[in-house]
Amino acid sequence: MTVETILIALNGVDDKYVMSYTPIHHNSSFEKKQKQSAKSLWRWISVAACFVLTICAVPIAVHFIKTNNAPDPHWHETHVQLTDQNEAIAMFGDDLLLDRIIVPGVADSLYQEYILEHSGKDPANISTWEYLHCWLRYGVENYYDLPIEEVDIIIYFSDTLEQTRYNEFLTYHKGETELGSIEINGLTVDYYSKQETNSVTSGAWFTFNGLGYSITGNNYELVMKTVYQMLD
Amino acid sequence: MILIVVLLSEGQRQFRKVAPKEVKDVLDDQAIVALYNQRNERAIQETDQKYGKLLHSTSYNIVANTLDAEECVSDAYLKLWNSIPPTIPKSLKAYALKIIRNLSLNRLKFDQRTKRGDGEFQVAFHELEGILDDRSDFTDALALQDTMNRFLESLSEEQRSIFTGRYWYFESIADISHNLGIGSSKVKMTLMRCRETLKTVLKKEGYLV
């Protein structure tokens with residue numbers, strides 16, 4: 001006796017036994033397969049569309065990334081870059097408080113960078129200067145072992161041809177969340193703290209001799225210490 | 001990219017909206033059989049409307065191929081047309097199901113069954129293989145049919161439904177458990193007990209050595 005024999009014999013059983021089970025045929029394998037094949041058809045269309053989009057998008061994205069990362073060939077026509085404090089003082093003058101920004105005893109090493117942005121018309125003339133960015137990174141030698149302490153000092157020049165940057169400085173800092181103000185040698189310094197993506201940025205700002213100073217960093221004490229160092 | 005997937009899904013939804021299901025009045029079995037008796041070709045259309053999907057899915061469970069199943073359904077309609085009259089089935093549904101099941105089983109040759117691996121039929125087939133042996137000689141098909149009737153009668157209503165669902169309709173364990181609203185483990189256990197009972201019955205009646 002084989003299974004075939006049984007299956008054929010089952011075909012001849014009474015109708016009532018056949019009717020004893022009512023398959024829900026819309027849930028049957030057949031319909032499921034049909035639905036699945038329809039679903040998978042749409043899935044494949046989606047995958048194909050995404051593939052085509054990727055093929056098109058990747059070169060465009062690469063183009064833009066490359067473009068954005070490409071060095072500006074005219075950058076040096078509008079910028080001056082230095083990495084030495086003495087050179088910076090010599091070049092930008094000793095009345096920008098640059099000689100006072102070092103905070104001794106915080107770290108053994110300090111990486112510093114000074115970038116002046118000017119209009120490009122006459123770099124020797126201070127009225128063409130837009131702003132001077134002094135970037136200080138403490139503890140650079142222990143980059144992977146210690147948290148980096150950074151202080152950004154941006155000096156905006158009000159006596160410029162267009163004053164665009166200086167006005168931006170004033171507008172920007174008016175909207176800051178101010179923690180309060182302090183008086184240092186008769187100068188009002190506003191300081192604030194704001195939550196950014198993963199960290200809190202501390203900052204202080206003041207105006208001095210027609211210049212706008214913005215000092216920010218990830219360490220509130222270091223920021224305030226720098227401010228005191230510069231004004232005290 | 002997400003936008004494209006959303007748009008495609010929306011398109012799929014819109015496509016479905018464009019093709020709504022037609023709702024027609026469905027004749028009862030007696031009326032359809034009457035159409036067969038009148039040699040009215042509408043009988044085929046009505047049968048297809050009422051039982052087309054059921055016949056198709058039953059066939060598909062066996063042949064595991066959409067085209068084969070479609071051909072079996074067409075053959076079944078032809079057979080219905082040729083056999084009614086003179087046959088007047090008590091239940092058109094059961095009659096049509098028996099025809100489609102028979103045609104679908106015939107479509108499969110024995111050696112092809114084991115090669116095909118994409119259907120519930122093969123699984124059910126191997127389940128039954130476990131209780132049978134090929135040593136015994138089989139002669140009386142009608143007697144075996146009676147035995148199967150008695151065996152099914154001896155089962156409880158639930159057991160019978162499960163057994164029929166599995167070995168008559170070749171539905172999957174999951175479908176049976178879903179249809180009957182019981183757990184799949186209970187379906188498996190019931191099927192195992194039914195097979196054991198069938199084995200005992202077949203041995204007792206001398207079909208198995």
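The preceding data block contains the structure.
Residues numbered from 1 in each chain as written. Chains lettered and ligands numbered in written order. Predicted model: local features only at pLDDT ≥ 70, side-chain atom pairs only at ≥ 80, totals over all residues. Heavy atoms only, no water.

Q: Tell me about the packing of aromatic side chains, residues and numbers included.
A: One pair of aromatic rings is described through two measures. These are the centre distance and the angle between the planes. Taken as a whole, this structure holds 14 aromatic pairs over all chains when the rule is applied. Aromatic pair Tyr156 of chain A and Phe169 of chain A: ring centres 4.9 Å apart, planes at 25 degrees, arrangement stacked. Taken as a pair, Tyr156 of chain A in strand S4 (residues 149-157) and Phe169 of chain A in helix H6 (residues 164-174) lie far apart in primary sequence, 13 residues in all. Members of the aromatic cluster, connected to one another through ring pairs, are Tyr131, Tyr156, Tyr166, Phe169 and Trp205 of chain A. Lying over the aromatic face of Trp81 of chain B, Arg39 of chain B brings its terminal NZ or CZ to 4.0 Å of the ring centre. Above the ring of Trp168 of chain B, the side-chain terminus of Arg101 of chain B is found at 4.8 Å from the ring centroid. (Phe/Tyr/Trp six-rings, centres within 6.5 Å; stacked < 30°, edge-to-face > 60°. Helix = DSSP H or I, 4+ residues; strand = E, 2+ residues; numbered from the N terminus. Lys NZ or Arg CZ within 6 Å of the ring centre and 35° of its normal.)

Q: Describe in detail the nonpolar core, supporting the description with residues and values.
A: Across soluble globular proteins, nonpolar side chains show a tendency to be buried alongside one another. Core analysis: the biggest nonpolar cluster contains 67 residues, and Leu7 and Leu10 of chain A together with Leu80, Phe151, Phe163 and Leu202 of chain B have the highest contact counts within it. Considering every element that reaches this core, the biggest residue donor is helix H5 (residues 92-107) of chain B, with nine residues. Those residues in contact with Leu202 of chain B, other than ones at most four positions away along the chain, are Met1 and Ile6 of chain A together with Leu132, Leu144, Thr147, Tyr207 and Leu208 of chain B. Membership of the second largest hydrophobic core comes to 36 residues, among which are Phe92, Cys134, Tyr138 and Leu187 of chain A. (Core = buried A, V, L, I, M, F, W, Y, C linked by side-chain atoms within 4.5 Å. Buried < 20%, exposed > 50% of the residue type's maximum accessible area, 1.4 Å probe, protein only. Contact = heavy atoms within 4.5 Å.)

Q: Kindly report on the packing of helix H8 (residues 141-154) of chain B against helix H9 (residues 157-167) of chain B, identifying the contributing residues and their values.
A: All names here are of chain B. Where H8 contacts H9, the axes come no closer than 8 Å and their chain directions differ by 135 degrees. By the angle between their axes, H8 is oblique relative to H9. Across the interface between the two elements, Phe151, Leu152 and Glu153 of H8 pack against Arg160, Phe163 and Thr164 of H9. In terms of residue class, the contact of H8 with H9 is built from three nonpolar, one polar and two charged. (Axes fitted to C-alpha atoms, helices over the stretch in contact; angles between N-to-C directions. Parallel < 35°, antiparallel > 145°, perpendicular 65-115°, else oblique. Nonpolar A, V, L, I, M, F, W, Y, C, P; charged D, E, K, R; others polar.)

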